[in-house]
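Residue-level listing of the chains:
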Amino acid sequence: MKIGVLGAGQLGRMLALSAYPLGHKMRFLALTEEDPSSLLGKTFIHDNNPDVINKFSDDSDVVTYESENTDLTIVNEIAKTTKIYPGDLSLHLTQHRGREKTLLQKLNIPCAPFALVNNFSDLSQAIKNIGLPAILKTTKDGYDGKGQFLIETESQMNDAWEAMSGVESILEGFINFKRELSLIAVRAIDGNLKFYPLVENSHHEGILRLTMAPAQEISDSLQKKAESYMKLLITKMNHVGVLTLELFDSDDDLIVNEIAPRVHNSGHWTIEGAQTSQFENHIRAITNSPLGDTSVKSKFNAMINIISKHGPTNKVLETRNAHLHLYDKKERQNRKLGHITITSDSYKELQKSIANLSSYLP
Ligand code: AMP
């Protein structure tokens, strides 16, 4: 099939790399000819020209997207003539932190207490109701910890509201979590659903640095609880493709932080670490093909993000159980340039390889 991707970053690139062995062709709606995916398929440069979007859409049998910040008007326009998965409902809900959290509440899925904030007096009232510490976040367009302000004392209220530049925001109660986990699932057009194991994520300055997969010390009941939340959400959204839940593991519960309607950085380990990667399974789902096995190949896997600088890539290539993935991006502060997957059947060996590549970690 001809698969169109809205966006042409590293996620589109890895979708393409998994789609080719299945015999598909790729099209990208890119911003520039330098985007990470642009040489991996026929590229349409999107300059807000409806003709370009129509040509892209006409040349695709099915369209998908790589970001929750994808413009819904473009998605709705394309949907008039071409199948698009995941559908507009998934995008509509996950583009707005308030809608996302309202859905979680409706489904009785635990999330942080929250209140929408449109002005300073809303903020003051929200702090009275929720208490401090709390985090003020923009409702839209936030990623990698951007557009967020941690409020610890009332004296920071002014600074916090100013940091939002007057845009609609949400105040969330601060969750004292033990660790951050994520769950990735894939749902087919016929509703068939598969889950990857829970993984543990470590962030630095709001950016994911290390994923351990599967997460250690996960009871069957915790995995099942995460899967039950996922099942409720993915079914309600009638979502087709990969969906990711970012979770806080706190002493008394599993709390959903965020929902991403797409393949996710915390699932990059699946390229070498799982029987079928998240990228291949997303492609299988949107092309109405049978889903692949989501079980792990090696007992222990790690994913290290390459951020800001490419670093000692030869050292990665020399590490026996490490795999290098670069995205063809120029070095820039806090930019994701690539990742490393490490796989092993021995936890000790995995830790040794991580230590060997520790210059990539903060
Ligand atoms: P987000 O953009 O919502 O994924 O937030 C980025 C990071 O900020 C998360 O990975 C957490 O480490 C932290 N964070 C976000 N929301 C909360 C919260 N309600 N309580 C505690 N930490 C949070």
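Reading the values: rules and limits
Residues numbered from 1 in each chain as written. Predicted model: local features only at pLDDT ≥ 70, side-chain atom pairs only at ≥ 80, totals over all residues. Heavy atoms only, no water. Pairing = 2+ DSSP bridges. Helix = DSSP H or I, 4+ residues; strand = E, 2+ residues; numbered from the N terminus. Contact = heavy atoms within 4.5 Å. Axes fitted to C-alpha atoms, helices over the stretch in contact; angles between N-to-C directions. Salt bridge = Lys/Arg side-chain N within 4 Å of Asp/Glu carboxyl O. Domains from an automatic or database assignment. Buried < 20%, exposed > 50% of the residue type's maximum accessible area, 1.4 Å probe, protein only.

## Thoughts on the sheet that holds strand 5 (residues 83-84)
The five strands lie next to each other as 3-2-1-4-5, forming an open sheet whose pairing is parallel. Of all the strands in the sheet, just strand 3 (42-45) and strand 5 have a single pairing partner and so form its edges. Across four bridges, the pairing between strand 2 (residues 25-30) and strand 3 is parallel. Bridge pairing links A30 to I45 in strand 3. Seen against the sheet, helix 2 (residues 50-58) touches strand 1 (2-6), strand 2, strand 3 and strand 4 (62-65) and runs at an angle of roughly 165 degrees to strand 2.

## Structural notes on unusual backbone geometry
Peptide bonds are trans in most cases, and residues, glycine excluded, mostly fall at negative phi. Of the consecutive residues L132 and P133, the connecting peptide bond is found in the cis state with omega at 0 degrees. Tracing the backbone shows P133 in the loop between helix 6 (120-130) and strand 7 (134-138). Along the chain, A213 connects to P214 via a cis peptide bond; the corresponding omega equals -10 degrees. Within the secondary structure, P214 sits in the loop between strand 13 (207-213) and helix 8 (220-236). One non-glycine residue, N238, lies in positive phi territory at about 50 degrees.

## Side note on the pattern of salt bridges
Taken as a whole and assessed by the stated rule, the structure comprises 16 salt bridges. Between K80 and E77 there is a salt bridge; the shortest N-O distance is 3.0 Å. The partner of E280 in a salt bridge is R284, with the nearest N and O atoms 2.7 Å apart. With E280 and R284 both in helix 10 (residues 278-286), this residue pair falls four residues apart, about one helical turn. Overlapping salt bridges bring together K2, R27, K42 and D59 as one network.

## Here's the deal with the domain arrangement of the protein
It is common to give the size of an interface as the accessible area that goes away when the parts come together. Each assigned domain of the protein is listed here: domain 1 (2-84), domain 2 (113-173) and domain 3 (179-360). The gap between the C-alpha centroids of domain 1 and domain 2 is 35 Å.

## Remarks on helix 10
One full turn of an α-helix is made of 3.6 residues, so residues set three or four places apart face in the same direction. In terms of burial, helix 10 is largely enclosed, as nine of its nine residues are buried. When we look at burial in helix 10, the residues that qualify are Q278, F279, E280, N281, H282, I283, R284, A285 and I286. Those residues of helix 10 that are buried are in contact with strand 1, helix 1 (10-19), strand 4, strand 10 (179-187), strand 14 (241-249) and helix 9 (270-273).

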